Amino acid sequence: MISLLTKKIIDIIKDKDNPQVYSEYDMIPVENKSEKFYTVVSVVDFSGKDVKNVSAGTVYDFEINYNVICLAGRNFKAIDFYDYIQEKILKRIISSEDIKVLEFKTGKAEFDYKLQKMKIICSLKIGGIYLVENK
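## Regarding the pattern of salt bridges
Line of reasoning, step 1. Following the criterion strictly, the structure yields six salt bridges and no others.
Line of reasoning, step 2. Of the charged contacts, one joins Lys7 and Asp11 as a salt bridge, the two residues approaching to 3.0 Å between their closest N and O atoms. On the criterion of helical spacing, the pair formed by Lys7 and Asp11 is a turn pair, its members being four residues apart in helix α1 (residues 2-13).
Line of reasoning, step 3. You can call Lys7 partly exposed: its relative accessible area is 48%.
Line of reasoning, step 4. Note that Lys49 and Glu63 form a salt bridge whose closest N and O atoms lie 3.8 Å from each other. Placement of the pair is Lys49 in strand β2 (residues 37-54) and Glu63 in strand β3 (residues 57-72), with a sequence separation of 14 residues.
Line of reasoning, step 5. Here Glu63 falls in the partly exposed class, since its relative accessible area comes to 22%.

Rules used in this analysis
- Residues numbered from 1 in each chain as written.
- Predicted model: local features only at pLDDT ≥ 70, side-chain atom pairs only at ≥ 80, totals over all residues.
- Heavy atoms only, no water.
- Salt bridge = Lys/Arg side-chain N within 4 Å of Asp/Glu carboxyl O.
- Helix = DSSP H or I, 4+ residues; strand = E, 2+ residues; numbered from the N terminus.
- Buried < 20%, exposed > 50% of the residue type's maximum accessible area, 1.4 Å probe, protein only.

So, in structure tokens, the structure goes:
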């Protein structure tokens, strides 16, 4: 379920104008990603609650916290980051009917010395109901 929801978030953000969207665990080396700009979706944690047994299986409410990490070349302007986050990430995720957004928070723009890129980390919390079917 977590991998399917992560893929769904990536698919919501990714399009022909924004093809550089990856999972944190994609095994693609950083050197093979865009020099200019790319986005990484990372699972932070998962929680389930209100477990109920039904005839079809077990149903529970869940929440998943993600980091949506935007990276750009060192000369990328912070204001361009925030425009990108609003237009290419926030608008798309909130308007999607595929996921339920519970919270969205954007961090400040900063330079990542290890990657030699500008970076903004956005926190995203989604939730829903999941059924684990009986076998």
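There's plenty left to go through after this.
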